[in-house]
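Understanding the architecture of this molecule
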Amino acid sequence: MGPRPWRRRLALGTVVATVLLAHALLTRGMISQMEGLAGDAPTIQRMEAVMVADMRLSAPPVVVAAPMPPSPAPVVAAAAPEAASAASTPASKPAPEPPASQASAPEPAASEPVVAALTPASAPQSAASSASEPGDTPPTAVAKASAPTDAEAFEWPLATRVTFKAEGYIRGPIYGQAQVEWVRQGTRYQVHVDASVGPSFAPLGSQRWTSEGDITPAGLEPKRFESINKLLISSGTPRRVIFHPGEVELADGKREPKLPMVQDPASHYIQLAYQALLDPTLMRVGGTLSMPLAWTRKQDTVVYDIEAREELDTPLGKIDTFRLKPRPLASSQKDNEKEKQRDEILAEIWIAPSLQYLPIRMLLRQGKANYLDMKMDKMPQQTAAPPAQDVPPAQK
């Protein structure tokens, strides 16, 4: 004898009620989770970039110095009788032309390094003091005399993107992709550094760095930095750095005095390229490049050793590069907590003079076995600035 109809209806009703209750609990849990993540949403609205063309290999552009301010007019005092009589005498004959042996030196060949004149706001103090010595050539004259005739004047592009294929080893072989993107609107900029592991359509994990700020004659002046990590569908709490006038507010809310021309982990890649454009003589094997940098937990000075000049094999053929290797951070040597060092890993980078000193390879190492090697997988894309853009004088 089978079960009675009312028992069958009761069992079916119980199953339906259980499913509805589980669905309600799951929905409520998801809503609560989303509400909890709402406060952790990115605060920097991403500027959209439209790439219109591939970059071309070319000589590094020249940063044109800002025009020197006109000399103040001499103060005319009351004319003395002697001055009046001197003014009435005929002018002396002009001095004869110097012999050929004393003529100015010819312009250097195009293969020689270009010495770009720094504006007064960005020139080092030592350079400013040496320029005042007698017989020195004015900065603007140096820039004009040493600039190759076929070099292009540098203007901040509207958008640039370099994409990479990544492979490495972190508890096993890993593969992924990355990109560095620059976007400009007027004198505002954004730099995005995105890296992910796994297939691009369904990454297993990712990290995004975003820098936002202003363009100045001395380079980039960050205002905000944001770091976001994701693992599968879970998003970590964004860590932010706010750059106030004279102060830096770190991710934990702590404020400390801002180091001069301090950068963040994203903007410093572009600032390195701009430093090389300002003064190509800095790019010599055996030299160093230093830069103050604000991490999410502290400020420190990053020092890169220019270790070698190397040709890299790329999908476009061989490209000449400088290899820059960062020194260990001074503060990290005193800090043995791995938790505080996780965001402070610097990459060894290869920058290409023929691609505006942009990085075309980045190698991250952690310990003896773990690494992530990112290599440019195609020609960078760029949208050049149209004429008469509103940019600082040093870039016009």
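Throughout this document, residue positions are counted from 1 along each chain, in the order its sequence is written. In keeping with the predicted nature of the model, local features appear solely for residues at pLDDT of at least 70, side-chain atom pairs appear and are counted solely at 80 or more, and the whole-chain, interface and lining totals rest on all residues. Derived side-chain values reflect all non-hydrogen atoms in the structure, with water molecules and hydrogen atoms excluded from consideration.

Some remarks on the pattern of salt bridges
Selection rule: Any carboxyl oxygen of Asp or Glu within 4 Å of a side-chain nitrogen of Lys or Arg constitutes a salt bridge here. For the purposes of this entry, the term helix denotes a DSSP run of H or I that reaches at least four residues, the term strand denotes a run of E that reaches at least two, and both are numbered from the N terminus. For every residue, the accessible area (1.4 Å probe, protein chains only) is compared with the maximum for its type, and the residue is labelled buried under 20%, exposed over 50%, or partly exposed between those bounds.
According to the stated counting rule, one finds 19 salt bridges in the structure shown. Here R46 makes a salt bridge to E181, at a shortest N to O gap of 3.2 Å. Of this pair, R46 sits in the loop between α1 (5-38) and β1 (53-54) while E181 is found in strand β3 (residues 173-185), placing the two residues 135 residues apart along the sequence. On the basis of relative accessible area, R46 is assigned to the partly exposed category, the value being 26%. The exposure class of E181 is buried, given its relative accessible area of 3%. For the salt bridge of R188 with E212, the shortest nitrogen-to-oxygen distance reads 3.7 Å. Here R188, found in strand β4 (residues 188-197), pairs with E212, found in strand β5 (residues 205-216); they are 24 residues apart in sequence, far enough to count as distant. Taken together, the salt bridges that share partners define one network made up of R188, E212, D214, E221, K223 and R224.

Comments concerning the nonpolar core
The condition that has to hold: To form a nonpolar core, buried Ala, Val, Leu, Ile, Met, Phe, Trp, Tyr and Cys residues must be joined to one another through side-chain atoms within 4.5 Å. Residues are treated as being in contact if the distance between any of their heavy atoms lies within 4.5 Å.
Membership of the largest hydrophobic core comes to 62 residues, with the highest contact counts inside it found for M283, L324 and I349. The element contributing the most residues to this core is helix α5 (residues 267-278), with eight residues. Setting aside residues no more than four positions away along its own chain, L324 makes contact with M283, L289, Y304, D305, I306, E348, I349 and I351.

So, the side chain of S227
Under the convention used in this document: Counted as a polar contact is a pair of N or O atoms within 3.5 Å, where, for protein atoms, one must be capable of donating a hydrogen and the other of accepting one, and residues adjacent in sequence contribute only when both atoms are in side chains.
Position of S227 among the secondary structure elements: in strand β6 (residues 219-231). One polar contact links S227 to W209, side chain to side chain, over a distance of 3.4 Å. Apart from the residues within four sequence positions on either side, S227 is in contact with Q207, R208, W209, T237, P238 and R239.

Some words on the confidence of the model for the protein chain
Parts of the model with low pLDDT should not have their predicted coordinates read in detail. This is how the line gets drawn: Think of pLDDT as the predictor's per-residue confidence, scored from 0 to 100.
Looking at the protein chain as a whole, its pLDDT mean stands at 73, while 60% of the residues score no less than 70. Note on residues 74-149: pLDDT under 50 across the span, and 39 contacts to partners over four residues away in sequence or across chains.

A closer look at α5
Note the following rule: Given the number of residues in a helix, its expected span is that number minus one, multiplied by 1.5 Å.
Taking 1.5 Å of rise per residue, twelve residues should cover 16 Å, and α5 covers 16 Å from first to last C-alpha, within 8% of that figure. Those residues of α5 that fall on the buried side of the exposure criterion are S267, H268, Y269, I270, Q271, L272, A273, Y274, Q275, A276, L277 and L278.

Comments concerning unusual backbone geometry
Residues other than glycine seldom take positive phi values, yet M261 does so here, at roughly 55°. Summarising the element assignment, M261 is placed in the loop between β10 (255-257) and α5. Located in the positive-phi region is Y357, a residue other than glycine, with phi close to 60°. Relative to the elements of secondary structure, Y357 occurs in the loop between β14 (348-352) and β15 (358-366). The class for Y357 is buried, based on a relative accessible area of 5%.

Section: the pairing of β4
In plain terms, the rule: For two strands to pair, DSSP has to find at least two bridges joining them.
Along β4, seven of the ten residues are buried, which leaves the element largely enclosed by surrounding structure. With ten bridges connecting them, β4 and β5 associate as antiparallel partners. From the neighbouring strand, V193 faces β5, where its bridge partner is W209.

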